[in-house]
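Structural description and commentary
What follows is the residue order along each chain.
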Amino acid sequence: MKIALSNFDKAFENRIRLQIMSVLVANDSYDFNSLKELLDVTDGNLASHLKALEKEEYITVNKSFLGRKPNTRYMASVKGISAFKKHLESLENLIKQQKS
Amino acid sequence: MHYKVLYMDDKHLYDEISSIRLLMERSTKFISLSGLSGVMAGIYALTGAGIAYKLLYISDKTEVYRIYYGNLPMQLFGIASAVLALSIATGIWLTILKAKRKALSVWNQSSKLLLLNGIVPLLTGGGFVLILLYQEYYGLIAPTCLIFYGLTLVAASQYTYGDVKWLGICEIGLGLLSTIIPGYGLAFWAIGFGVLHILYGTVMHFKYDRENSTK
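Source: prediction; values computed, not measured. (Residues numbered from 1 in each chain as written. Chains lettered and ligands numbered in written order. Predicted model: local features only at pLDDT ≥ 70, side-chain atom pairs only at ≥ 80, totals over all residues. Heavy atoms only, no water.)

**Points about the overall build of chain B**
Along the backbone of chain B there are seven helices and two strands. Of the regular secondary structure in chain B, the N- to C-terminal order runs α-α-β-β-α-α-α-α-α. Of all 215 residues assigned to chain B, the portion counted as buried reaches 39%. For chain B, restricting intrachain contacts to residue pairs at least 6 apart in sequence, the fraction spanning at least 24 positions comes to 73%. (Helix = DSSP H or I, 4+ residues; strand = E, 2+ residues; numbered from the N terminus. Buried < 20%, exposed > 50% of the residue type's maximum accessible area, 1.4 Å probe, protein only. Contact = heavy atoms within 4.5 Å.)

Below you can see the structure in the form of structure tokens.
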């Protein structure tokens, strides 16, 4: 059990952070409003989790303008994708251990 | 006590994984396409083909004659356009309804990608058909419609249900077959846009729509 948990990523302990990462790994990039709608969370909540992931350098942020509206797009970084994969592997290991 | 903790962990684990899967799918695929709109499009197409048949062939009791007269191509073009417009309108309407029922937005990243990827083969096909019409290559119009429609579906299928790809491949096959066997354009058109749509729409309705509405 302890071996599996060693790969368990603290950054993904929070459900919403893990969900954000799932979306960004599956897509080239995703914008703030679409993420908000998809995950059904508030602006502040989403922003704080995005900040946390940005601090870990798991995601990169690209700010631009669409006309006058700000359009912030998020992308998973190489570091973030590998961390996400490791986290999934550890979840997989946990399941395997529980089955045996 | 110990077992209870393990059980909670277990449930949490499966929840976590299923939420990841759901989000990866929901963020990349447009899942509000309505199966019923496929059935309706098929019915419009069959009705259109029926009217076209009436215009093309005059039958008395013993024999069927195929006739061509002045503005017949334009009339057929009008029927095809009406079928297309009705199908698109019904498709959009039912898709909006389905999205509302599932509390999803219609205009999101995946629906944009769906349209963006489908529009190139679709407009190319549409332009090509107009050129064929202008050059009076009438025999090639039905196969061209089928082939380019099939290519559109295959290109767009990446962003919605995988079943759409198989519908596309069937349309392309039918289009090629229709080019090999000339003279049956209307029949192939009716099978491709009528029968296949009804079959596909029924399968989709029972596979995705019904299962979700009972939840």
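**Considerations on the pattern of salt bridges**
Two side chains that carry opposite charge are able to pair once their charged atoms sit near each other. Scanning all chains against the criterion turns up four salt bridges over all chains. As a salt-bridge pair, Arg15(A) and Glu16(B) come within 2.9 Å of each other at their nearest N and O atoms. Here Arg15(A), found in helix H2 (residues 15–26), pairs with Glu16(B), found in helix H1 (residues 2–28), and the two come from separate chains. When its relative accessible area of 30% is taken as the criterion, Arg15(A) is described as partly exposed. Glu16(B) sits in the buried class, given a relative accessible area of 3%. A salt bridge links Lys79(A) to Glu57(A); its shortest N-O distance comes to 3.7 Å. Of this pair, Lys79(A) sits in helix H5 (residues 78–99) while Glu57(A) sits in the loop between helix H4 (43–55) and strand E2 (59–66), and the two are 22 residues apart along the sequence. Classification of Lys79(A) by relative accessible area gives partly exposed; the value is 43%. (Salt bridge = Lys/Arg side-chain N within 4 Å of Asp/Glu carboxyl O.)

**Details of the nonpolar core**
Phe12(A), Ile20(A), Leu35(A), Leu39(A), Leu46(A) and Leu50(A) are the most contacted members of the largest nonpolar core, which has 29 residues in total. At the level of secondary structure, the elements contributing two or more residues to this core comprise H2, helix H3 (32–39), H4, strand E3 (69–76) and H5 of chain A together with H1 of chain B. Ranked by residues supplied to this core, first place goes to H2(A) with six residues. (Core = buried A, V, L, I, M, F, W, Y, C linked by side-chain atoms within 4.5 Å.)

**Digging into the packing of H3(A) against H4(A)**
Helices that pack against each other are described as a pair by the angle of their axes relative to one another and the distance between those axes. Residue and element names in this part refer to chain A. It is the contact of H3 with H4, at a shortest axis distance of 10 Å, that shows an interaxial angle of 110°. One element, H3, and the other, H4, form an angle in the roughly perpendicular class. For the pair H3 and H4, the crossing hand works out as right-handed. Counting all contacts with H3, which are made through Phe 32, Leu 35, Lys 36 and Leu 39, the residues of H4 involved are Asp 43, Leu 46, Ala 47 and Leu 50. When grouped by side-chain class, the residues that make up the contact of H3 with H4 number six nonpolar, no polar and two charged. (Axes fitted to C-alpha atoms, helices over the stretch in contact; angles between N-to-C directions. Parallel < 35°, antiparallel > 145°, perpendicular 65-115°, else oblique. Left-handed = near helix turned anticlockwise from the far one by under 90°. Nonpolar A, V, L, I, M, F, W, Y, C, P; charged D, E, K, R; others polar.)

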